[in-house]
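Coordinate inspection notes
Take a look at the letters that make up each chain.
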Amino acid sequence: MVDVILGLQWGDEGKGKIVDYFASQYDIVARFQGGPNAGHTLYVGPSKQKIVLHQIPSGVFHQGAINLIGNGVVLDPVTLSKECATVSGFGVDLRKNLFISERTHLILPTHRALDKAAELQKGEAKIGSTLKGIGPAYMDKTGRNGLRVGDLLHKSFTTSYIKLRLKHQKLLDTYHFNEDITAWEEEFFEAIELLRGLNIVNGEYFINEQMARGKKVLAEGAQGSMLDIDFGTFPFVTSSSTTSAGVCSGLGVAPQRIREVIGVSKAYCTRVGSGPFPTELHDETGEELRRIGSEFGATTGRPRRCGWMDLVALRYACMINGVTQVVMTKADVLDAFPTLQVCTAYKIDNAATDKVPFQMTRVPVEPVYQSIRGWNTDSTACTTADSLPEEMRSYIGFINEQLGTPVKYVSNGPGREQIVHL
Ligand SMILES: Nc1nc2c(ncn2[C@@H]2O[C@H](COP(=O)(O)OP(=O)(O)OP(=O)(O)O)[C@@H](O)[C@H]2O)c(=O)[nH]1
Ligand SMILES: O=P(O)(O)OC[C@H]1O[C@@H](n2cnc3c(O)ncnc32)[C@H](O)[C@@H]1O
Ligand SMILES: N[C@@H](CC(=O)O)C(=O)O
Ligand SMILES: [Mg+2]
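Definitions and limits used
- Residues numbered from 1 in each chain as written.
- Chains lettered and ligands numbered in written order.
- Predicted model: local features only at pLDDT ≥ 70, side-chain atom pairs only at ≥ 80, totals over all residues.
- Heavy atoms only, no water.
- Core = buried A, V, L, I, M, F, W, Y, C linked by side-chain atoms within 4.5 Å.
- Buried < 20%, exposed > 50% of the residue type's maximum accessible area, 1.4 Å probe, protein only.
- Helix = DSSP H or I, 4+ residues; strand = E, 2+ residues; numbered from the N terminus.
- Polar contact = N/O pair within 3.5 Å; in protein donor to acceptor, adjacent residues only side chain to side chain.
- Contact = heavy atoms within 4.5 Å.
- pLDDT = per-residue confidence, 0-100.
- Near = heavy atom within 4 Å.
- Areas by Shrake-Rupley, 256 points an atom, 1.4 Å probe, with all protein chains shown as cover.
- 1 Å grid on protein atoms, 1.4 Å probe; cavity = no way out; pocket = protein on both sides within 12 Å on 5 of 7 lines; lining within 4 Å.
- Points joined across faces, edges and corners; volume = space filled by probe spheres on them.
- Nonpolar A, V, L, I, M, F, W, Y, C, P; charged D, E, K, R; others polar.
- Donors = N, O, S within 2.8 Å, 3.2 Å for Na, K, Ca; no water.
- Tetrahedral: all angles 85-135°; square planar, octahedral: opposite > 155°, others 65-115°.
- UniProt positions renumbered as here; feature names shortened; annotations may be inferred.
- Arc of directions from axis to C-beta.

1. Considerations on the nonpolar core
Looking at soluble globular proteins, one finds that nonpolar side chains tend to be buried together. Among the nonpolar cores identified, the biggest contains 55 residues, and Val2, Leu68, Val247, Leu251, Leu334 and Tyr395 are the most heavily contacted of them. It is helix α12 (residues 390-403) that contributes the most residues to this core, 6 residues altogether.

2. Things to note about the side chain of Asp332
In this structure, Asp332 sits in the loop between β15 (325-329) and β16 (339-348). One polar contact links the side chain of Asp332 to the main-chain amide nitrogen of Gly413, over a distance of 3.2 Å. With residues near it in sequence (within four places) discarded, Asp332 still touches Ser379, Thr380, Ser411, Asn412 and Gly413.

3. Here's the deal with the confidence of the model for the protein
On average, residues of the protein carry a pLDDT of 97, and 100% of them reach 70 or more. If you check the scores for this complex, the pTM reads 0.97 and the ipTM reads 0.98.

4. Considering the environment of Asp140
Within the secondary structure layout, Asp140 lies in helix α5 (residues 134-142). Placed 34 residues apart in sequence, Asp140 and Leu106 show a C-alpha to C-alpha distance of 9.7 Å. For Asp140, the contacting residues outside a window of four places in its chain are His111, Asn145, Gly146, Leu164 and His168.

5. Let's talk about the site of ligand 3
All residues in the neighbourhood of ligand 3 are listed as Asp12, Asn37, Ala38, Gly39, Val272, Gly297, Ala298, Thr299, Thr300, Arg302 and Arg304. Between an oxygen atom of ligand 3 and a main-chain N or O atom of Thr299, the distance comes to 2.9 Å. Measuring from an oxygen atom of ligand 3, one finds a side-chain N or O atom of Arg302 at 2.9 Å. The protein chains hide 95% of the 260 Å² of surface that ligand 3 would expose on its own.

6. What about the layout of surface pockets?
As a volume, the second largest pocket reaches approximately 340 Å³. Residue assignment for the lining of the second largest pocket shows that the elements contributing at least two residues are β4 (49-53), α2 (77-88), α4 (109-122) and α7 (182-196). Sort the elements by how many residues they give to the lining of the second largest pocket and α2 lands first, with 6 residues.

7. Side note on the site of ligand 2
Lining the immediate surroundings of ligand 2 are 16 residues, of which Ser129, Thr130, Thr238, Val272 and Arg302 lie closest. Within the contact set of ligand 2, an oxygen atom lies 3.0 Å away from a side-chain nitrogen or oxygen of Asn37. Burial of ligand 2 by the surrounding chains reaches 96%, relative to a free accessible area of 470 Å². Of the residues in the shell around ligand 2, the class split is 7 nonpolar, 7 polar and 2 charged.

8. What to know about the coordination of the magnesium ion (ligand 4)
Within the protein, Asp12 (OD) and Gly39 (O) serve as the donor atoms for the magnesium ion (ligand 4), at 2.1 to 2.4 Å. Taken together, the 6 donor atoms surrounding the magnesium ion (ligand 4) define angles of 62 to 171° at the centre, an arrangement classified as irregular. Of this pair, Asp12 sits in the loop between β1 (2-7) and α1 (15-22) while Gly39 sits in the loop between β2 (28-31) and β3 (40-44), and the two are 27 residues apart along the sequence. For Asp12, a relative accessible area of 23% corresponds to the partly exposed category. Residue class for Gly39 comes out buried when judged on its relative accessible area of 16%.

9. A few points about the UniProt feature "binding site: substrate" (unreviewed entry) in the protein
If you check UniProt for "binding site: substrate" (unreviewed entry), the listed places come out as Ala298, Thr299, Thr300, Gly301, Arg302, Pro303 and Arg304 in our numbering. Checked against the lining of the second largest pocket, the annotated residues just named reduce to Thr299. With respect to the element layout, Thr299 can be found in the loop between α10 (284-292) and β13 (305-307). With a relative accessible area of 22%, Thr299 lands in the partly exposed category. Dropping the residues within four chain positions of it, Thr299 is found in contact with Pro36, Asn37, Ala38, Gly39, His54 and Lys132. Within the structure, Thr299 has its side chain in polar contact with the backbone oxygen of Asn37 (distance 3.1 Å). Judged by relative accessible area, Thr300 falls into the partly exposed class, the value being 33%. In terms of polar contacts, Thr300 uses its side chain to reach the side chain of Arg302, at 2.9 Å.

10. Some thoughts on unusual backbone geometry
Residue Pro235 is reached from Phe234 by a cis peptide bond, and omega for that bond is 5°. Counting through the fold element by element, Pro235 comes out in the loop between β10 (217-220) and α9 (245-251). The residue Ser294 is not glycine, and still its phi comes out positive at about 45°. Tracing the sequence through the fold places Ser294 in the loop between α10 and β13. With phi around 60°, Lys330 is a residue other than glycine that occupies positive phi space. On the secondary structure map, Lys330 appears in the loop between β15 and β16.

11. Examining empty space enclosed by the protein
Per the counting criterion, the structure on display carries 1 cavity of 30 Å³ or more. Here the largest cavity is characterised by a volume of approximately 40 Å³. In terms of lining, the largest cavity is formed by Lys17, Asp20, Thr41, Leu42, Tyr43, Pro414, Gly415 and Arg416. Looking at the lining of the largest cavity, the elements that each hand over two or more residues are α1 and β3. Sort the elements by how many residues they give to the lining of the largest cavity and β3 lands first, with 3 residues. Taken together, the residues of the lining of the largest cavity break down into 3 nonpolar, 2 polar and 3 charged.

12. Comments concerning α10
For α10, every residue scored as buried is listed here: Gly286, Leu289 and Arg290. Axial view of α10: buried residues confined to an arc of 95°, hence all on one face. Seen from the open side of α10, the exposed residues pointing more than 90 degrees away from its buried face are Glu284, Glu287 and Arg291. Buried-residue contacts for α10 involve β13. For α10, the side-chain oxygen to backbone nitrogen distance between the N-cap and Thr285 is 3.2 Å, and the N-cap itself is Asp283. At the exit of α10 stands Ser294, carrying a positive phi of roughly 45°.

In structure tokens form, the structure reads like this:
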């Protein structure tokens, strides 16, 4: 049995915290897509130290939980070795509880260079990539050129690496991109030594055999549904399948194994990088959301764009993922706002629609808002549904009704314990 936690917006919904909260109920936590572009923020240990995980699943601080990096992920060995050092510092024995699929594709130093070169060439039309080499690594996967973790165990790895690097170098020359990657390569070759010493497994047999023994799996998504390569706001998307469909191809589990699809949504909306964002606020309210919600990229530190809740996009995300329950995060960030706006429809060419259009860049998309009274009180100490401010309960009730999918939890602070079961 597999339950899934994934993002319903443009990422950074707080999936890391929610996975960490639920992880104790599972035997295995498995990442199924994305790579070091992700930043999953957790607060761990008695001192509640802030940790940002990029590739290691967010169940890693739970004793006994096995963490699997699935074949759908693209893995940067350098980032991984830094994360391993941080996590091991907490006494976690990664040789016991971290497993990596041999089919996981590797991000090479030249993938990072190619990412930079492509963004530079796009100029104003840039995607706003995190520049971690994600797009180029997935291109090599679908182009059938990539190198995989399992390749590290073969003598021919260095020869294959040099061959692929040469190919990349030719491409970089066409971009007239010149960057000395010697230092990146040194780090890369050091890091793959560490990677070779970790548990490299056949991920699909591993996870299916564990399930056959009755073990419960929590699949952890990165980014969000509106950044999905197929269903997101293309071309301003990431390069992986961020939706529940990605769980099957990114871990090797059959669709009928999936039980709950837990969709995580902020109580408002953010986006980092370029691309359409109908409810974006370019005013003081947007700045307030950013300041109160500390909306800065966990990976790049870039300011996140902020706006009101978009129910058109959220309904769409619930539909394509088959969401069975919603977790609403960062409700406390709205504590200070006397009135809230919720987008219930889009106006395109003067006609209202409740559907996400094919593209949102060429024709202006105007949000149609419904005003809702805010609660204007501190909600961060609430621990039960009854103790939540009445207006917050009405806000959630309205969203429930509009989505047709139940909001089952509300998160009212970044701490592990700051979550209320409704
Ligand atoms: N105030 C507040 N902060 C929260 C809450 N839940 C999570 N956070 C914080 O909100 C931020 C969420 O961003 P990320 O950690 O990047 O989210 P993510 O969904 O794991 O990230 P990606 O996979 O990179 O999309 C983090 O700083 C969390 O600590 C909440 O309920 N209230
Ligand atoms: O996947 P890359 O090329 O790094 O970026 C494409 C696009 O997606 C945004 N993005 C990537 N990872 C995340 C993430 O973990 N949270 C939020 N947004 C993300 C990036 O900003 C670009 O807009
Ligand atoms: N994953 C990132 C994206 C970024 O840092 O730009 C975030 O947490 O916002
Ligand atoms: Mg993040």
